Amino acid sequence: KMDNLPPPSNAYRHQARQLLVNTFQRVACTAIDVIFLMCKFNFTRSFYYVSVIDHQRTNNGDGAGQFDLIPKRVKVFIKSNRQKTIVEVTDATLLGELDDIPELNLKVGTTTKQ
């Protein structure tokens, strides 16, 4: 069961968060952090939750108060795409998870070390 897994390493947490921020450029970092924490820093779970939220983005409003999982005061969407950063994925656990998410397909700006 996923809830019994040991907490992920700091490298995993940092790389996973950066991948989420890069992948969902219009979802506010604070909203991503709320989901990431709620998912106990699990990338795969967080990816799917944030993906569902991202698909509900409209061009009117910041999404505050629109999602039960995110506190009403938190702005969920930002007006324009955030700049991507280069993420070097070296954590073996995270590399394994990335292989299992076909829609991610290692988007531009992500490098992996085998």
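Cut-offs used in this document
- Residues numbered from 1 in each chain as written.
- Predicted model: local features only at pLDDT ≥ 70, side-chain atom pairs only at ≥ 80, totals over all residues.
- Heavy atoms only, no water.
- Phe/Tyr/Trp six-rings, centres within 6.5 Å; stacked < 30°, edge-to-face > 60°.
- Helix = DSSP H or I, 4+ residues; strand = E, 2+ residues; numbered from the N terminus.
- Buried < 20%, exposed > 50% of the residue type's maximum accessible area, 1.4 Å probe, protein only.
- Polar contact = N/O pair within 3.5 Å; in protein donor to acceptor, adjacent residues only side chain to side chain.

### Description of the packing of aromatic side chains
Evaluation of the coordinates by the stated rule reveals 5 aromatic pairs. Taken together, a centroid distance of 5.9 Å and an interplanar angle of 40° make the contact between Phe-43 and Phe-47 tilted. Placement of the pair is Phe-43 and Phe-47 together in helix α3 (residues 43-55), with a separation of 4 residues, close to one helical turn. Taken together, a centroid distance of 5.5 Å and an interplanar angle of 90° make the contact between Phe-47 and Tyr-48 edge-to-face. Judged by its relative accessible area of 3%, Phe-47 falls in the buried class. Relative accessible area serves as the criterion here: at 36%, Tyr-48 is assigned to the partly exposed category.

### Details of the environment of Thr-90
Topologically, Thr-90 is positioned in the loop between β1 (87-89) and α4 (92-99). Assessed through its relative accessible area of 40%, Thr-90 is described here as partly exposed. Separated by 78 residues in sequence, Thr-90 and Tyr-12 place their C-alpha atoms 8.3 Å apart. At 2.9 Å, the side chain of Thr-90 forms a polar contact with the side chain of Gln-15.

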